[in-house]
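The primary structure of each chain is shown beneath.
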Amino acid sequence: MRKGAIIKLLIGIIVIGGGIGYFMFQAMQSSWSYYYSVDEFSAADSAAREHSYRLAGRVKAGTIARDLENVTLSFTLAGSEAELPVQYQGVVPDNFTEDREVVVEGRLAASGVFQADTLMTKCESKYQAKVK
Amino acid sequence: MWELGRFALRLGLCLSAYAILADLLGVWRNRQELLRSGRNSTIGTLLCLTVSAVALWVLLVRGDFAVSYVAEHSSRDLPLVYKLTALWAGASGSLLLWLWLQVGFVVLAFAVWARRRDRFCANARAATNLVAVFFFVVLIFDKDPFALSTVTPSDGAGLNPLLQHPAMALHPPTLFVGYAAFSIPFAWTLASLRRKDLSESELFFPAARNWSLLAWTFLTVGIALGAWWAYEELGWGGYWAWDPVENSSLMPWLTATALLHCARMYRAQTKIAVWFMILALGTFTLCIFGTFLTRYGLVSSVHAFPDPGLGILFFILVILLWVLAGVLSLNRLRQGAVLTPLRGRGFTFLIVNNWLLVLLAFVIFVGTLFPFFSRYFSDEPISLKSDYFTKITAPFGLALLLLIGVCPYLLRRGLVKSWRTLGAGAVAVAAAAIWWLAHSLALACLVICAFVGANLVADVVLRFQQRRPDARWLGARIVHLGVLLAFIGIAGSGGYDIEKDIALRQGQEVTVGSFGLRFDGLTTERGPNFTATSAKISVFKGQTKIDGLSPSRAFYESSRRETSEVDVRRTWAGDLYLALTQVDRGGRLINLTVHVKPLINWIWIGTILMVVGTALVIFAVLRKRPATAPIEELEA
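Bear in mind the structure is a predicted one, so any value in this text is a computation, not a measurement.

## A few points about the domain arrangement of chain B
All names here are of chain B.
Moving on, step 1. You can read the domains of chain B as domain 1 (1–164), domain 2 (385–496 + 607–633) and domain 3 (498–598).
Moving on, step 2. The interface is formed by nine residues belonging to domain 1 together with eight residues belonging to domain 3.
Moving on, step 3. Here the side of domain 1 that touches domain 3 is built from residues that sort into five nonpolar, two polar and two charged.

## Observations regarding the nonpolar core
Residue and element names in this part refer to chain B.
Moving on, step 1. Formed by 229 residues in total, the largest nonpolar core has its most connected members in A187, C262, F276, C445, I448 and F487.
Moving on, step 2. Per-element accounting of this core gives the leading share, 17 residues, to helix 9 (residues 199–233).
Moving on, step 3. Contacts of C262, omitting those with residues within four sequence positions, involve I272, W275, F276, L279, L350 and N354.

## Quick notes on the packing of helix 8 (residues 183–194) of chain B against helix 12 (residues 312–334) of chain B
All names here are of chain B.
Moving on, step 1. One way to put it is that helix 8 packs onto helix 12 with a least axis distance of 8 Å and a crossing angle of 30°. Of the two possible hands of crossing, helix 8 and helix 12 adopt the one that is left-handed. Between helix 8, through T189, L190, L193 and R194, and helix 12, the contact on the second element is made entirely by L324, A325, L328, S329 and R332.

## Description of unusual backbone geometry
For residues besides glycine, phi is generally negative; the peptide bonds are generally trans as well.
Residue and element names in this part refer to chain B.
Moving on, step 1. Backbone geometry at W242 places phi at a positive 60°, although glycine is not the residue there.
Moving on, step 2. Counting through the fold element by element, W242 comes out in the loop between helix 9 and helix 10 (244–264).
Moving on, step 3. The phi torsion at H439 lies on the positive side, around 55°, for a residue other than glycine.
Moving on, step 4. Residue placement: H439 occurs in the loop between helix 15 (419–437) and helix 16 (441–466).
Moving on, step 5. Judged by local crowding, H439 falls into the exposed class, with 9 C-beta atoms found within 10 Å.

## Here we look at the interface of chain A and chain B
Moving on, step 1. Across the contact, 32 residues belong to chain A and 52 residues belong to chain B.
Moving on, step 2. Broken down by secondary-structure element, the contributors of at least two residues to the side of chain A that touches chain B are helix 1 (3–31), strand 1 (32–37) and strand 2 (53–59) of chain A.
Moving on, step 3. Ranked by residue count, the leading element in the side of chain A that touches chain B is helix 1 of chain A, at six residues.
Moving on, step 4. Among the residues forming the side of chain A that touches chain B, the class breakdown is 17 nonpolar, seven polar and eight charged.
Moving on, step 5. Pairing of strand 1 of chain A with strand 1 (residues 382–384) of chain B, which is carried by three bridges, proceeds in the antiparallel orientation. Its bridge partner lying in strand 1 of chain B, S33(A) is registered against S383(B).

## Looking at the packing of helix 2 (residues 32–62) of chain B against helix 6 (residues 118–141) of chain B
The angle between the axes and the distance between the axes are what describe a pair of packed helices.
Residues and elements named next belong to chain B.
Moving on, step 1. Running from N to C, helix 2 and helix 6 point in directions that differ by 40°, and their axes come no closer than 10 Å. The angle between helix 2 and helix 6 places the two elements in the oblique class. Judged by the twist between their axes, the crossing of helix 2 over helix 6 is left-handed. Note on element contacts: helix 6 touches helix 2 through D118, A122, R125, N129 and A132, opposite Q32, L35, G38, R39, T42 and T45.

## Side note on the sheet that holds strand 11 (residues 589–598) of chain B
By way of backbone hydrogen bonds, the strands of a sheet pair with one another, either parallel or antiparallel.
Residues and elements named next belong to chain B.
Moving on, step 1. Strand order in the open sheet formed by four strands is 2-11-10-9, with antiparallel pairing between adjacent strands. In this open sheet, the two edge strands, each paired with only one partner strand, are strand 2 (498–505) and strand 9 (567–571). Going across the sheet, the axis of each strand differs from the next one's by a mean of 15°, ignoring polarity.
Moving on, step 2. With ten bridges joining them, strand 10 (residues 574–584) and strand 11 adopt antiparallel strand pairing. Its bridge partner being in strand 11, Q582 is matched across the sheet by N591.

## What to know about helix 8 of chain B
Residue and element names in this part refer to chain B.
Moving on, step 1. Between its first and last C-alpha, helix 8 extends 16 Å over twelve residues, near the 16 Å set by a 1.5 Å rise per residue.
Moving on, step 2. With twelve of twelve residues buried, helix 8 lies mostly within the body of the structure.
Moving on, step 3. Listing the buried residues of helix 8 in full gives S183, I184, P185, F186, A187, W188, T189, L190, A191, S192, L193 and R194.

The rules we used
Residues numbered from 1 in each chain as written. Chains lettered and ligands numbered in written order. Predicted model: local features only at pLDDT ≥ 70, side-chain atom pairs only at ≥ 80, totals over all residues. Domains from an automatic or database assignment. Contact = placed C-beta atoms within 7 Å. Nonpolar A, V, L, I, M, F, W, Y, C, P; charged D, E, K, R; others polar. Core = buried A, V, L, I, M, F, W, Y, C linked by C-beta atoms within 7 Å. Buried ≥ 20, exposed ≤ 12 C-beta atoms within 10 Å, placed from the backbone. Helix = DSSP H or I, 4+ residues; strand = E, 2+ residues; numbered from the N terminus. Axes fitted to C-alpha atoms, helices over the stretch in contact; angles between N-to-C directions. Left-handed = near helix turned anticlockwise from the far one by under 90°. Pairing = 2+ DSSP bridges. Parallel < 35°, antiparallel > 145°, perpendicular 65-115°, else oblique. Expected span 1.5 Å × (residues − 1).

This is the structure:
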């Protein structure tokens, strides 16, 4: 390869690579979300709680309460030790039931209630049929 | 029956392993009887797989709940059609289906339709049988569809009600036809790399290209069916959530799209041929890797690295295939293979297009595996919200969209001053400005769509003025029009949607967007295996009633689960989408989730056009069997 071609190639790689890297970094930074279990989240110090979090846990049996007037769902998210009250407004997945493993995304409010803006149920084995 | 199925799987493993040996040895020693034997054992493998698949179907229909797969995916009250589709309702059944289809296609392409090209076909068969052996091992030792349960339940769990939907019945097999058909260009690649003499490889190229076209069509339909199902059935008003399962089908689709563009401009022993091979290998291995990723929950689990069990075999297989291809190409280079330089500006644009599609697949790949990678640089596991994907794929997607508009012109004329090249530059700047300053990605997309639409019209008009366009050219234009319409639908429904969760009492009215909604009452109905409660909703525009919708909730007795059945008012301009989320019978109070989704149906119309266009292209290439087109005719 000629010297000019190599330089051109290098510049190309730097420009394109840099551009993509920049885009990826930008996009990631704003959609960064820490992924914790309820136990770890409760153990973490409160200063770290200001971010957006994604928490995994189990829906504690007997804690699901639906407020139809305000279209709000509340339940207790339980880990192996810790528990956390969660409030959520929005579409509840069809397979949301007691004792199911769920993932919630959102922030901890000052009241100590986790305000979730997304609620996902973890796939049970039968859900695997959703092959895509 | 399960013994038969199990036995057939084990026999299939032996046959496919033997076929590899026979074929490779036959090529090495140039022994016709060995090649014949390899061919026949591949056909034998297909028969074994047919027997196992039929056995599993019989078990599912008969409801033999001693087999745990049947107990988990079928039940007595399941309608017959869903008993049949339960074959691909779980991991083991769908792997079996994939392998069955793949071996079937290989038999068609390299055993039945090509009797004479023995040595080339033998290499191709060996490559695919290697893949088959891995699948068989996983099927026999890890995901055995015929495994017995310890206790025989009196009734099965039934098919997940969410999956009892026509789109979901068709979605997995459609995808698997696509995945399996990509094994043909993949096998062509490995066989071409193995042989020094390129004449047979050239002779088979049209087959590799046609199978790629077919595979791409099925993959497109499969992805669209999945999206449509999510929209119709899941009740959250969206069709795409960027979850790992969805991404794992989109990545091979993107590389396959690049593959088809390379096939159009294919020249032997050039950079394009190398691109074609890399993309064929990449697409097929992405199909396998995606299955590994989603079937073994590599990224969905929260913390501990999930034990993939024998699923790690898929990972090994992917690496093995690339190593194999690498070794074979090095070997070819050592033998003194050189690339012929390309002439013609068209190739530059093709390569830009390839890079955009491959990079798009790459950023999705990184995002999908991010939770997994993040273990290595952070103590706290990190996941990316779905807006990462929207932001990162937008620039690539919009650049590709713009290329659809100007590429045909650039190919014909090159970079010269005209409303099209200058317009493209202006539109790109305008779109970037709208995105950054007005923060409206949807508007930026629609601006580009308008420009691309004008370009498509200009192309067609020009072409008709010059000479009658052939079916292949028209087909390609229709596919691109479909892509354009899909982009319009995505921008409209993504950028201008309204979502509202509302509580309604009987007789009460609310306004969402330009619609008025009134809740008139509840009704109950019985279906074959469920009971449904529907809410009667009157839809008003101003003072006049324009429609009545009845979203409902269905309760399935056998699985004791409730699903929401949405009701949608569809128009060309968009959908009004109602999902019943909660019902309080005593208080006559319901919770509704209402979505207004402008332009969304253009996504489905666009997909149909993509399929019609590709069908036209396939029809044209099958009828004419032309040599690769001269460069002046290459337009996109």
